[in-house]
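Coordinate analysis (summary)
Residues per chain are reported as follows:
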Amino acid sequence: MADLPGAVLFACNLNRVRSPMAAGLMRRFYGQRVFVDSCGLRHDEDGLVDPFSVAVMDEVGVDLSGHRSKTFDDLEDLSFDTVISLTPEAHHRDVELARRAAVEIEYWPTLDPTLAMGSREAVLEAYRTVRDALEARIFQRFPQMRTFGG
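**A few points about the packing of helix α1 (residues 18–30) against helix α4 (residues 120–141)**
Running from amino to carboxyl end, α1 crosses α4 at an angle of 45°, the nearest separation of the two axes being 10 Å. Viewed along their axes, α1 and α4 adopt a mutual orientation that is oblique. Two packed elements cross with a definite hand, and for α1 against α4 that hand is right-handed. For the pair α1 and α4, the contacting residues are Arg18, Met21, Ala22, Leu25, Met26, Phe29 and Tyr30 in the first and Tyr127, Val130, Arg131, Leu134, Glu135, Ile138 and Phe139 in the second.

Next comes the structure, spelled out in structure tokens:
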């Protein structure tokens with residue numbers, strides 16, 4: 001079984017929904033052994049995490065309420081072992097990063113729950129689906145012993 005990477009970056013478009021959720025889950029299960037961060041391609045107007053993301057992550061014990069979105073340019077360091085793109089646009093940016101640095105690039109196509117329509121509960125269910133899919137993908141990709149049970 002391969003070792004865990006030392007540093008993982010999750011990237012999406014605005015760093016408000018998918019990448020903060022993925023980073024929060026990764027930190028929960030591997031945070032004692034892996035540096036984890038997230039970023040987006042561009043800033044949103046308020047820089048705050050999506051409130052539905054906060055709600056569904058709170059359900060599994062991950063607090064995203066203090067998250068502020070950032071871009072690749074806002075990162076202090078780009079020394080990541082693995083960069084995981086969650087959107088096609090982020091994947092294109094990550095491929096550019098790989099041309100300048102020794103980094104493993106992965107693309108995990110992830111649905112955008114902000115497109116969900118309907119009642120509050122229906123929207124929350126779309127976010128839960130994304131959260132649970134990200135968790136399953138993290139465990140599939142990094143099956144090593146987790147630091148916290150789930």
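**Digging into the nonpolar core**
Ranked by size, the top nonpolar core spans 30 residues in total, and within it Phe10, Met21, Met26, Tyr30, Leu86, Ile138 and Phe142 carry the most contacts. Sort the elements by how many residues they give to this core and α1 lands first, with seven residues. What Phe142 contacts, discounting residues up to four positions off in sequence, is Leu4, Pro5, Val8, Met26, Tyr30, Ile84 and Trp108. By size, the runner-up hydrophobic cluster in this structure holds eleven residues, among which are Ala7, Phe72, Leu75 and Leu97.

**Things to note about the sheet that holds strand β3 (residues 82–85)**
The strand order across the open sheet formed by four strands is β2-β1-β3-β4, and the pairing between neighbours is parallel. The open sheet is flanked by β2 (35–40) and β4 (104–107), the only strands paired with a single partner. Pairs of neighbouring strands in the sheet enclose a mean axial angle of 20°, with direction left out of account. In terms of strand pairing, strand β1 (residues 7–12) meets β2 through six bridges, oriented parallel. Considered in β2, the bridge of Phe10 is made with Ser38.

**Quick notes on the side chain of Ser38**
Structurally, the position occupied by Ser38 is in strand β2. Judged by its relative accessible area of 1%, Ser38 falls in the buried class. For Ser38, the side chain forms a polar contact with the side chain of Asn15, separated by 2.9 Å. In this view, Ser38 contacts Leu9, Phe10, Asn15, Ser19, Pro20, Ala23, His67, Lys70 and Leu75; residues no more than four positions away in its chain are not counted.

**Here we look at the pairing of β1**
Summarising burial for β1: six of the six residues are buried, a large majority. Taking every second residue as pointing to the same face, both faces of β1 are buried, with Ala7, Leu9 and Ala11 on one and Val8, Phe10 and Cys12 on the other. Between the parallel elements β1 and β2, the chain passes through α1 in a crossover that is right-handed.

Parameters and conventions
Residues numbered from 1 in each chain as written. Predicted model: local features only at pLDDT ≥ 70, side-chain atom pairs only at ≥ 80, totals over all residues. Heavy atoms only, no water. Axes fitted to C-alpha atoms, helices over the stretch in contact; angles between N-to-C directions. Helix = DSSP H or I, 4+ residues; strand = E, 2+ residues; numbered from the N terminus. Parallel < 35°, antiparallel > 145°, perpendicular 65-115°, else oblique. Left-handed = near helix turned anticlockwise from the far one by under 90°. Contact = heavy atoms within 4.5 Å. Core = buried A, V, L, I, M, F, W, Y, C linked by side-chain atoms within 4.5 Å. Buried < 20%, exposed > 50% of the residue type's maximum accessible area, 1.4 Å probe, protein only. Pairing = 2+ DSSP bridges. Polar contact = N/O pair within 3.5 Å; in protein donor to acceptor, adjacent residues only side chain to side chain. Right-handed = clockwise from strand over helix to strand, strands pointing away.

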